[in-house]
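Summary of the model geometry
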Amino acid sequence: MQFGLRTVPEFSARFNIAPSAPILIVRKDEAAFVRWGLVPRWAKDPSIGAKLANARAETVAQKPSFRDAYRKRRCLVPASGFYEWKLESGRKQPYYVRPAQGALFAFAGLWERWNDLETCALITTDANQTMRAVHDRMPVIIATPEYEAWLSGADGLLKPCPSADIVAYRVSRAVNNARNESPDLIVPEKT
């Protein structure tokens with residue numbers, strides 16, 4: 001398996017995941033489901049996680065909400081793709097972005113434990129050339145040979161992946177409603 005895990009929690013394919021939903025993360029030698037939206041250890045209440053689904057690569061090491069997790073609690077977030085939106089003719093048009101070679105993405109992530117609640121955030125960076133046609137930001141995608149380095153705290157990995165590593169295409173606006181869940185959501189829209 002791509003992440004070298006002996007066991008993985010049971011899960012079903014999902015096609016429309018929004019912040020606050022449970023997502024699968026990979027930590028050193030284990031996988032777990034955690035809530036997407038990081039709740040720092042010092043938070044007074046978990047609602048702050050709704051604002052902390054993503055962390056910017058440029059400031060993640062300095063921001064109080066993320067810096068402790070960045071130093072001590074990194075993870076990878078496996079995904080077959082992600083959505084991003086582009087303003088077209090005054091409307092938000094979703095695009096699906098997937099790996100060009102069919103493997104899973106491994107997004108750079110941070111995890112945290114607040115009381116009994118485990119949460120995470122994805123790290124974003126400037127868009128590569130392929131993504132720039134859609135949006136100015138993208139998740140940091142960790143290359144397979146760099147998994148161990150990322151999980152062990154290495155620096156220098158928070159950059160856009162090569163443009164040739166991803167494919168982006170328009171999909172149905174049905175993805176704009178997080179309750180919609182179907183493999184049809186990632187089918188290229190006919191133009």
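Our structure's up above, just so we're on the same page.
Bear in mind that the values here come from a model prediction, so they are computed numbers and not experimental data.

Focus on the side chain of T119
Among the secondary structure elements, T119 is positioned in strand β8 (residues 117–126). Side-chain polar atoms of T119 contact the backbone nitrogen of V39, separated by 2.9 Å. Not counting residues up to four positions away in its chain, the partners in contact with T119 are V34, R35, G37, L38, V39, L110, W111 and E112.

Let's talk about the pairing of strand β1 (residues 22–27)
Extensive coverage of β1 is indicated by the burial of 5 of its 6 residues. In the sheet, β1 pairs with strand β2 (residues 30–36) via 6 bridges, with the strands oriented antiparallel. Counted as the bridge partner of I25 is A32 from β2. Counting the residues in the hairpin turn of β1 and β2 gives 2 residues, including D29, whose phi is positive at 65°.

Points about the side chain of S65
Position of S65 among the secondary structure elements: in the loop between β3 (54–56) and α1 (67–72). Residue S65 is classed as buried on the basis of its relative accessible area of 16%.

Some thoughts on the packing of aromatic side chains
Inspection of the entire model under this criterion finds 8 aromatic pairs. Aromatic side chains F82 and F105 sit 5.9 Å apart centroid to centroid with 45° between the ring planes, which places their arrangement in the tilted category. Taken together, the residues span a long stretch of sequence, with F82 in strand β5 (residues 82–88) and F105 in strand β7 (residues 105–114) at a distance of 23 residues. As far as the burial class goes, F82 and F105 line up, both buried. Judged by centre distance (6.2 Å) and plane angle (45°), the rings of Y83 and W85 are tilted. Among the aromatic residues, those joined into a ring-pair cluster are Y83, W85, Y96 and Y169. A cation over an aromatic ring shows up here: R74 above the ring of W150, its NZ or CZ 4.1 Å from the ring centre.

Quick look at unusual backbone geometry
Positive phi, normally seen in glycine, also occurs at S20, with a value near 90°. Within the secondary structure layout, S20 lies in the segment before β1. Non-glycine residue S89 carries a positive phi angle of around 50°.

Digging into a nonpolar patch on the surface
The grouping of V8, F11 and F33 at the surface amounts to a nonpolar patch, some 260 Å² of accessible area in total. In this structure, F11 sits in the segment before β1. Classification of F11 by relative accessible area gives exposed; the value is 52%.

Details of the layout of surface pockets
In this structure, the largest pocket encloses a volume near 1100 Å³. Around the largest pocket, the lining is made up of 39 residues, and of these I17, A79, G81, F82 and F107 lie nearest the centre. Of all the secondary structure elements, the ones that give two or more residues to the lining of the largest pocket are β1, β2, β4 (74–79), β5, β8 and β9 (137–139). Among the elements that line the lining of the largest pocket, the one with the most residues is β5, at 4 residues. Here the lining of the largest pocket is composed, by residue class, of 28 nonpolar, 8 polar and 3 charged. Its volume calculated, the second largest pocket comes out at about 350 Å³. Surrounding the second largest pocket, 21 residues form its lining, I141, I142, A143, T144 and D165 being those nearest its centre. Considering only residue class, the lining of the second largest pocket consists of 14 nonpolar, 4 polar and 3 charged.

The rules behind the values
- Residues numbered from 1 in each chain as written.
- Predicted model: local features only at pLDDT ≥ 70, side-chain atom pairs only at ≥ 80, totals over all residues.
- Heavy atoms only, no water.
- Helix = DSSP H or I, 4+ residues; strand = E, 2+ residues; numbered from the N terminus.
- Polar contact = N/O pair within 3.5 Å; in protein donor to acceptor, adjacent residues only side chain to side chain.
- Contact = heavy atoms within 4.5 Å.
- Buried < 20%, exposed > 50% of the residue type's maximum accessible area, 1.4 Å probe, protein only.
- Pairing = 2+ DSSP bridges.
- Phe/Tyr/Trp six-rings, centres within 6.5 Å; stacked < 30°, edge-to-face > 60°.
- Lys NZ or Arg CZ within 6 Å of the ring centre and 35° of its normal.
- Patch = residues over 30% accessible without salt bridge, like charges linked within 9 Å, V, L, I, M, F, W, Y side chains within 5 Å.
- Areas by Shrake-Rupley, 256 points an atom, 1.4 Å probe, with all protein chains shown as cover.
- Salt bridge = Lys/Arg side-chain N within 4 Å of Asp/Glu carboxyl O.
- 1 Å grid on protein atoms, 1.4 Å probe; cavity = no way out; pocket = protein on both sides within 12 Å on 5 of 7 lines; lining within 4 Å.
- Points joined across faces, edges and corners; volume = space filled by probe spheres on them.
- Nonpolar A, V, L, I, M, F, W, Y, C, P; charged D, E, K, R; others polar.

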